[in-house]
Amino acid sequence: MATAPKDKFANLKALRPANRPASPPIAEGSVQTMEPCDSLAEFLGAAPQHNRFGEHLSIRRWYSDPSSIDPDLESLRLLLPGAPPDAADPRRWLFLDTETTGLAGGSGTYAFLVGIAWWDTAGLEVEQFFMRDHSEEHSVLFELRKRMLERPILLTFNGKSFDWPLLETRFRMTRSIPPHPPLAHIDLLHPSRQLWRLRVGNARLSQLEEHVLGWRREGDVFSELIPQIYFDFLRTGAAAPLVPVIRHNQMDLRGLAALTRKAFSLLASPESEGSDAFELYGVSRILSRHGHRARARQLFGSTLDAGLPPELETLARGHLARLAKLDRDYPAATLLWEQLRCKKNASIVERTEACIELAIHFEHRARDPLRAAEIMRDALAQLSAGTKQSGPAAVRCRKLRARVQHRLERLTRKCLQPRIGAVSPAPFARQR
Amino acid sequence: MAQSLAVRTRTSLDVIHEALGEIAARDRTGEVLTAVQRIPAREAQFAAIPSWAAPELAAVYRAKGVSQLYTHQSSAVEHVHAGKNAVVVTPTASGKTLCYNLPVLNAILENADTRALYLFPTKALAQDQLAELHDLATRLNDRFGVFTYDGDTPGDARKAIRERGHIVLTNPDMLHTGILPHHTKWMRLFENLRYIVLDELHTYRGVFGSHLANVLRRLRRIARFYGSDPIFICCSATIANPGELASRLIEDEVEVVDENGAPSAEKVFVFYNPPVVNRNLGIRRSYLNEATRVAKELLSRNLQTIVFANSRLHTEVMLTYLRQAFPSSPGRSEPIRGYRGGYLPGERRDIERGLRDGKIRGVVSTNALEFGIDIGSLDATVLAGYPGSIASTWQRAGRAGRRTGTSCAVMVASSSPLDQFIVQHPEYFFGRSPEHAYVQPDNLEILVNHLKCAAFELPLDPAERFGDVDLPALCERLAQAGFLHKSGGNYHWIQEAYPANAVSLRSVTSDNFVIIDITGNERDESAGPEVIGEVDFASALTTVHPKAIYIHEGQQFHVERLDFAERKVYVKRVNVDYFTDAIRYTQVRVLEIADSHSSSGPSERAHGDVLVRSQVVGFKKIKFFTNENLGAGKLELPENEMHTTAFWLTLRRELVASLPFSVSDRQGGMFGLLHALESIATLLLMCDRRDLGAAIGERPPNPGIEAEWEQVPEAAVDLTESKEFFEPNLYLYDAYPGGIGFSEPLYRAANLLLQRTHELISACPCEKGCPSCVGPVGECHEHAKEAALEILRRLNG
C-alpha cells in the first residue's frame, strides 16, 4: 500500500478537532499575538517570580475589606470538629482558591492560577501565581508549598473535594515537590449551605456575596469559560481575556474571607447583628448536629419566634421535637407533635411522622394504647387520601401506610388483650 | 421422571451410552452422531512446591489439600520467580489461579509493600476470584488485603482500597477510565507494582484485545513514571498462538507454559447433526428442538446438565421447552434455571449456588457461564449450535467433568455452514487447535484515542514510544486539532473533557437499557414498576424494539415502549405462542480503497475503508415449536453508523450480464454466494461470526462519493422488492469501528476463499440451496444455487 502516513491520519475520527472551535486567528500585528514576557506581566499587573524550580508570574494585591477577625475556638469547632486550639489563630490561616483547566479532576487537569490570601494587621493580602505555560507549574507549586509551611491552616470554598485534591495530584505529578498537607482545612461550602442556601437559593460564591454580603461583582467572567480562555491564551497568546479571570480569582478570595468573617460572627453570637430567621435556623441546625442540644433548642425557639415560612416552620418544629425527645422532655415534645399533626400546611408525610411519634409515646410511655390506636386510625385515614398521588411522594406514603398499619394491628391486639396485660410491667415490645 | 432428582447413583460410560443410544435411535440411518470421541482420563503429573515459597504459604496450600504442584503450575511459578513474563495455557479446572496467586502472595509475604493488579475481562470473574483470595487471606491471618475495584465499588471504600489493597482485582474498562486517569491517587500501588495478572487472555482479541494492548501501553507508562517494571502473568484457554498473542499485548517476551499436568476424568465428546427432513430443501430438524431433546435425555438420567445457547433468545426458548418437560414440584425450588447477562446480580449468585449444591439440575445459559465462574462441575454439557470458536467450545464443554466417573459433552449442530463444516470434519476440531487470536494494537483509530488518554495521564514526550507510529507527527496533529499543547518539549492535554470517558473498550457504546416491568400497575395498586433486567445498547435494537417479545426467565414480556433518550424499555407480562426476530438492513459505502486488482470473471477484488450503516426496520413473529412465520411488523428505529474496513468483490457488468438466468435468480445467486463466502471467511479467519458483516451494494462510481443508498436486506428474504444490481460489490466487513485487521488477510486469501466456497456449495447435498450453503431458497429464486455456482466458476476460472 502506497498511502503516506499523513494521509493515514487524515480520516481518523479520533483526530477530528475538538468540539469547541479554536478561537479565531488573531490579525497579524495585533498587540495580543506574541507579547514579550515582561509586557504580559505588565499587562496583568504581575511580576516574574523565581525559585529553584523556575519562574512564573506573581500578582499581589491588598484590600482593606474584609479585615481580620478574632475567631473563638468553640465556633471553629462547629465548622471543624476536633480542630486543634492553635487552628483558631488567624495569623496561621491561608485562604486558597484555584482556577483550573477543567472540573473533572484526574491527572490531566491543571491549576493554572493558584490564588492565596491571608489577613495582615489592616486588611487582606492576596497573592496569585500564574503559569504562563505548563513548564512553569513546578515553580508555582513550590511557591505555594512555601506559603503553606508558613500558614498551615487552609480555608477554602469547596476545597476539600476539589481544589486541594487537585493540588495534591499536581504535587505528586512533579515527583520532586511533596505536598504539604494542611494542619487543618476549613471548607466553607457546607456551612454556607446550611446558613444561607435557604435564603439565597443556591450556594455559589458570587450569589452568596451578593445576597449575604451585599457585594456586586461587575463584569465577572462565567466560570465555565475559564478553561477555554486559558487554552486560547496558550495557543494564541491572547492575554486580555485573562484579566477578568485573574480578577475573578481575587474576588473569590475576598468573598471567601468575608464569608468566613460573617460565618464566625454568626456562630459566636447568632442573635446579635440583626440575623434573619433563615440564618438562625441554619445556626440552630449546626448546633444541633454537633450535639449542643440546649443551645440548639433555645435558638430553634428564637427562630420560630422570628417567624419562618410555613414549610420551614414545620421542619423547625420537627427538629425541636426531636431535640426535646432526646432530652426526655416529653411534655414539650408531645406538644410539638400535636401541633405538627394538626398543622394544615404540613405535608402528609410530616403529619404522619408526628402521629407515629405520638403513638409511640402513648403506647410505651403514657401506657395508653387506646389513645395510640386512635391516633393511628386517624393517620391511616389521612394517608388513604395521600396515596392517590403519584411519584416519589406516593411511594413514601405507601411505606408509611405499611408502618402505620402494622402499628395499628399490634395496638388493636394489645387493646383486645385481658386487662391484666395493660397493667403488667412486661414490655410490649417482647410480644413480637 | 419417577425417580428423584436428588442423588445420582452411577455416572458411567454406560449411562452416557444409554442416553446416546436413545438420542440416535430415532434416526434410522445412524448418520446423526458424526463423532463420538472418547477422551481418556489422564493422570496428574506432579512437581514439588518450590523451595523458595514462604513456609507459611506452603503450609496454607497444604492445608487446602495442595501438597504438590502440577507440572505446569510449577514451571509457571518458576518462570515468574525468575522475573520472566509467562503465559499459561490450560484447560478449564486445571488450577491456573495458583500459577499467579502463589508467586504474588509469596512476594507479598517477603515484602509487605508489594502490590499486584489482576485484570479479568468481566466484573463477575473478578468477584469470583475474590472468594478464593479471601480464603487465602484468612488462612494467612490477613497479612494481605485484596479488593475488587469496579463500577460497583462504593465511593467511601475506594480510598481504603488504594492504600491497603495488596491485590486489586479489576477489569480493563475500570483500569482505563477509573484508575489510570487518577494514577496519583494510586501512587502506592504504582510505586510497588510488581505483578500484573491477565486472566482469560484469549478473550483479548479483535477490538477488545487491540484496546487492551493500548491500555497496557498506558499502564506500563504510568508504572515507569513511578519507577516500577511489573511482570505479567497471563492465563489463556487453548489457542494456536498464545505466546504471540501475549507478547503482542504486553509488547515484551513471554515464556509459554502449555504442558498440562492436571488430571482429568474420562469424557465423551459427541457431535450430533440433526437429521435431514427435507432433502430437496436441505432442511434439517431444528437444532434447538434437537438440543432440547438431548438435554431431556440427559436430565432424565439424572445427569446435572448445562445447556449453552448462542443467543439470549435461544436461552429463553430452550428454557421454556425444558421447564415444560421438568416442571417444579410444589413447594420445591425450580430445578431448571436460565442464566444470562440480563439477569440481576443477586439472581445470578442464587443460580450459581444452586448449581454447586445440586439443587438446580439443569441450567440453560449464554456464554455468561463459559468463563471461570464457580458453579462446580456438572455431568453433561449440551451445546446448541457451534459456539463460533474451538476455544469456546472446549471451555463450555469443560463445565462438565467430575473428578471421577465420566462426563459428556454433546454439540448439536445448526444448519449454518460453519456448524456443518465442523460436525462433518471432526478431525479439524479434535486435532491441534488451528485458532489464532489476532489483535491490531496499531489500529490508528484505537491507538490515537489511547494516545489522548495517555497525554491526559502524563505529558507526552515525542521521543517516547507508543506503538509503531510516528509519535512526533501524531502529537503535532493532535496539537493542531486542539487536544495538546507543546510546552517545555512535552505535549500537554488542553481540553476540559476527560478523554477516557469517550473511549469504550468494547467497541459498542457502554450504556445499557433498563427493562422495566409495568404489568403490576394494573393488577395491584401497591406493586410499582419493577426493573427486571438490562440489555446492552447493541442488542437493544434487535431484542427490545417496540412490539418485540422479550423473554426473561421463561416469562414473556411484550415491549410497550422503547425510550431511547432515557435508555428505558417498558414491558408488560404476556402469554403468547410466538417470539419475535428482528429484520435489519445494512448499507455500505466505500470511503477509501487501500488496494485493489482485477481478476477473471471479469471481477475486481479490493480492501479498504468503508462506512457501514445499519438499521432495524422490522420484525417477524415466529410461532413456538413449529417456527411458522406468523407475520411481520415495521419499525422506525435510529440508524447505527460505523466506520470500518472491508474486503469486497466487484462483479463486473459483463459478468452479471453473461449469467444465463433471470434477474431475480441472478440476485438470488449473489446473495447466496455472499452467504457462503461469509461462512468460509469466518472459518479461514477463525473468528467469531459476529466479527464479520456482509452486505451487497451497487458499486459506487468513485470511492467517497455519496451514491444513492441501496436498501439491502441482510438475509436473502423478500428479494423481489430489491432493485436490480448491474455491477454489485459483495462486502465482507469487520463488524467493529476502525476494523480489526481481517480485511487485508481476506484480500490476500481471496483465491482460497473462493475455492473453499465453491467446494462448500458444490458438495452440499441439497438440490436448490439450503441454509448450509447458499442460505434458504425463496420461491422466486429457484436457480439461486446454480447461479451462485455459475458466478464462482467464472471467478475461479
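As the structure is a computational prediction, the values presented were derived from the model and not from experiment.

About the cut-offs
Every chain begins its residue count from 1, and numbering advances along the sequence as written. For naming, the first written chain is A and the first written ligand is 1, with later ones following in the order written. This being a predicted model, a pLDDT of at least 70 is required before a residue's local features are given, and a value of 80 or more before pairs of side-chain atoms are given or counted; all residues contribute to the totals for chains, interfaces and linings. The helix and strand labels rest on DSSP assignments: H or I over at least four residues marks a helix, E over at least two residues marks a strand, and numbering proceeds from the N terminus. Residues with at least 20 other C-beta atoms within 10 Å of their own are called buried, those with 12 or fewer are called exposed, and the rest are partly exposed. The C-beta atoms themselves are positioned from the backbone. Each residue gets a C-beta atom placed from its backbone, and two residues are in contact if those atoms lie within 7 Å. Classes in brief: Ala, Val, Leu, Ile, Met, Phe, Trp, Tyr, Cys and Pro nonpolar; Asp, Glu, Lys and Arg charged; the others, Gly included, polar. Where each domain begins and ends follows an automated or database-derived domain assignment. Per residue, pLDDT captures the predictor's confidence, and it can take any value from 0 to 100. Paired strands, as defined in this entry, are two strands with at least two bridges between them according to DSSP. Between the N-to-C directions of two axes lies an angle of 0 to 180 degrees, each axis being a line fitted to C-alpha atoms and, for a helix, fitted only over the stretch in contact.

Draft legend 1. Spatial organisation of the overall build of chain B. Within chain B, the regular secondary structure consists of 25 helices and 32 strands. When the 797 residues of chain B are sorted by exposure, 52% land in the buried category. The long-range fraction of contacts in chain B, counting pairs at least 24 apart against all pairs at least 6 apart in sequence, stands at 73%.

Draft legend 2. Region of the structure containing the interface of chain B and chain A. Contacts between the two partners involve 39 residues from chain B and, on the opposite side, 32 residues from chain A. Listed by contribution, the elements that provide at least two residues to the side of chain B that touches chain A are α17 (444-457), α18 (471-480), β19 (484-487), β20 (490-493) and β26 (578-599) of chain B. Classifying every residue of the side of chain B that touches chain A gives 17 nonpolar, 13 polar and 9 charged.

Draft legend 3. Region of the structure containing the domain arrangement of chain B. According to the domain assignment, chain B contains domain 1 (13-37 + 266-430), domain 2 (46-257), domain 3 (444-502), domain 4 (512-576) and domain 5 (586-619 + 638-796). A C-alpha centroid distance of 49 Å is found between domain 1 of chain B and domain 3 of chain B.

Draft legend 4. Region of interest: the confidence of the model for chain A. Of all residues in chain A, 87% attain a pLDDT of 70 or more, and the chain-wide mean is 84. In this model, residues 1-6 of chain A is a region of pLDDT below 50 whose contacts with residues beyond four sequence positions or in other chains number 6 contacts.

Draft legend 5. Quick look at the sheet that holds strand β18 (residues 406-412) of chain B. Residue and element names in this part refer to chain B. Across the sheet, 7 strands lie side by side as β1-β11-β18-β17-β14-β16-β15; this open sheet has mixed pairing. The sheet is open, and its two borders are formed by β1 (33-39) and β15 (336-339), each paired with just one other strand. Ignoring which end each strand starts from, the neighbouring axes of this sheet average 15° apart. Both β1 and strand β11 (residues 266-272) contribute to a ladder of 6 bridges, which runs antiparallel. Across the sheet, the residue bridging to Ala35 is Phe271, located in β11. Across the face of the sheet, helix α14 (residues 390-397) comes into contact with β11, β14 (305-309), β17 (380-384) and β18 while running at roughly 145° to β17.

Draft legend 6. Layout of the sheet that holds strand β2 (residues 54-63) of chain A. Residue and element names in this part refer to chain A. Overall, mixed pairing links the 7 strands, which are arranged β1-β2-β5-β4-β3-β6-β7 in an open sheet. If you trace the sheet from one side to the other, it starts and ends with β1 (47-51) and β7 (184-187), each paired once. Ignoring which end each strand starts from, the neighbouring axes of this sheet average 30° apart. Those strands touched by helix α5 (residues 159-174) are β3 (93-100), β4 (111-119), β6 (153-156) and β7, and its axis lies near 75° from that of β3. Lying on the sheet, helix α9 (residues 242-268) is in contact with β2, β3, β4, β5 (124-130) and β6; it crosses β3 at an angle near 145°.

Draft legend 7. Just the environment of Ala104(A), in detail. All names here are of chain A. You can see Ala104 is positioned in the loop between β3 and β4. The exposure class assigned to Ala104 is partly exposed, which follows from the 17 C-beta atoms found within 10 Å. Along the chain, Ala104 and Leu166 lie 62 residues apart, while their C-alpha atoms are 9.7 Å from each other.

Draft legend 8. Highlighting the environment of Asp327(A). Looking at the element boundaries, Asp327(A) is found in the loop between α12 (310-326) and α13 (330-342). Measuring from C-alpha to C-alpha, the distance between Asp327(A) and Glu209(A) comes to 38 Å, with 118 residues separating the pair along the chain.

Draft legend 9. Region of interest: unusual backbone geometry. Residues and elements named next belong to chain A. Of the consecutive residues Asp65 and Pro66, the connecting peptide bond is found in the cis state with omega at 0°. Within the fold, Pro66 resides in the loop between β2 and α3 (73-79). One non-glycine residue, Arg328, lies in positive phi territory at about 60°. With respect to the helices and strands, the residue Arg328 is situated in the loop between α12 and α13. Arg328 sits in the exposed class, given 9 other C-beta atoms within 10 Å.

Draft legend 10. Molecular detail of the domain arrangement of chain A. According to the domain assignment, chain A contains domain 1 (35-268), domain 2 (269-328) and domain 3 (347-421). Between domain 1 of chain A and domain 3 of chain A, the C-alpha centre-to-centre distance is 52 Å.

Draft legend 11. Molecular detail of the pairing of strand β25 (residues 568-574) of chain B. Residues and elements named next belong to chain B. Relative to β25, strand β24 (residues 555-563) is paired through 7 bridges, and the arrangement is antiparallel. Looking at β25, one finds that Phe557 is bridged to Arg573. If you look at the hairpin formed by β24 and β25, you'll find 4 residues sitting between the two strands, and Arg567 has a positive phi there, around 60°.

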